[in-house]
Amino acid sequence: MTFVRCPSPTCHDRLQDFRDLKGDAEITAAELALLPKLEGDRFVAKAFHRCQNDGCRRVQKKNDWRVGAFLPTGF
């Protein structure tokens, strides 16, 4: 378990449990959501994790909570 700040509206900017990205579909969805935020940097799945709070679809960089995006509905 990793407790990290989650700025999503669902989590109200509180500490939440995060986990590594898992599964090809989730990794691909995260990459597509994050590419516009990476400003030309490469997407490396191991550098990101996902909030585990119910209803939250936030993925963010492990070492910088400000670099993140939301997975599409269904993830």
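Quick caveat, the model's predicted, so the values are computed rather than measured. (Residues numbered from 1 in each chain as written. Predicted model: local features only at pLDDT ≥ 70, side-chain atom pairs only at ≥ 80, totals over all residues. Heavy atoms only, no water.)

Caption draft 1: Inspection of helix α1 (residues 24-34) at higher detail. Listed as buried for α1 are Glu-26, Ala-29, Ala-30, Ala-33 and Leu-34. Across the axial projection of α1, the buried residues extend over an arc of 120°, all falling on one side. Within α1, the exposed residues directed more than 90 degrees away from the buried face are Asp-24 and Leu-32. Check the buried side of α1 and you find it contacts β2 (14-20), β3 (48-51), β4 (58-61) and β5 (64-70). (Buried < 20%, exposed > 50% of the residue type's maximum accessible area, 1.4 Å probe, protein only. Helix = DSSP H or I, 4+ residues; strand = E, 2+ residues; numbered from the N terminus. Arc of directions from axis to C-beta. Contact = heavy atoms within 4.5 Å.)

Caption draft 2: Quick look at the packing of aromatic side chains. Applying the stated rule across the entire model yields one aromatic pair. An angle of 20° between the planes, with centres 5.3 Å apart, marks the rings of Phe-43 and Phe-48 as stacked. Across the pair, exposure class does not vary: Phe-43 and Phe-48 are buried alike. A cation over an aromatic ring shows up here: Arg-58 above the ring of Phe-70, its NZ or CZ 5.5 Å from the ring centre. (Phe/Tyr/Trp six-rings, centres within 6.5 Å; stacked < 30°, edge-to-face > 60°. Lys NZ or Arg CZ within 6 Å of the ring centre and 35° of its normal.)

Caption draft 3: Structural context of the sheet that holds β2. Here five strands make up an open sheet; going across it, the order is β1-β2-β3-β4-β5 and the pairing antiparallel. At either margin of the open sheet sits one strand with a lone partner, and together these are β1 (2-6) and β5. On average, each strand axis in the sheet is tilted by 45° relative to the strand beside it, whichever way the strands run. (Pairing = 2+ DSSP bridges. Axes fitted to C-alpha atoms, helices over the stretch in contact; angles between N-to-C directions.)

Caption draft 4: Local environment of the pattern of salt bridges. One pass over the full model with this rule turns up five salt bridges. Here Glu-26 and Arg-19 are joined by a salt bridge, their closest N and O atoms 2.8 Å apart. Summarising the burial analysis for this pair, Glu-26 and Arg-19 share the class buried. Across the salt bridge formed by Lys-62 and Asp-20, the nearest N and O atoms sit 2.6 Å from each other. In this pair, Lys-62 sits in the loop between β4 and β5 while Asp-20 sits in strand β2, placing the two residues 42 residues apart along the sequence. Taking the relative accessible area as the measure of exposure, Lys-62 reaches 37% and is therefore partly exposed. Through salt bridges that share partners, Arg-19, Glu-26 and Arg-50 make up one connected network. (Salt bridge = Lys/Arg side-chain N within 4 Å of Asp/Glu carboxyl O.)

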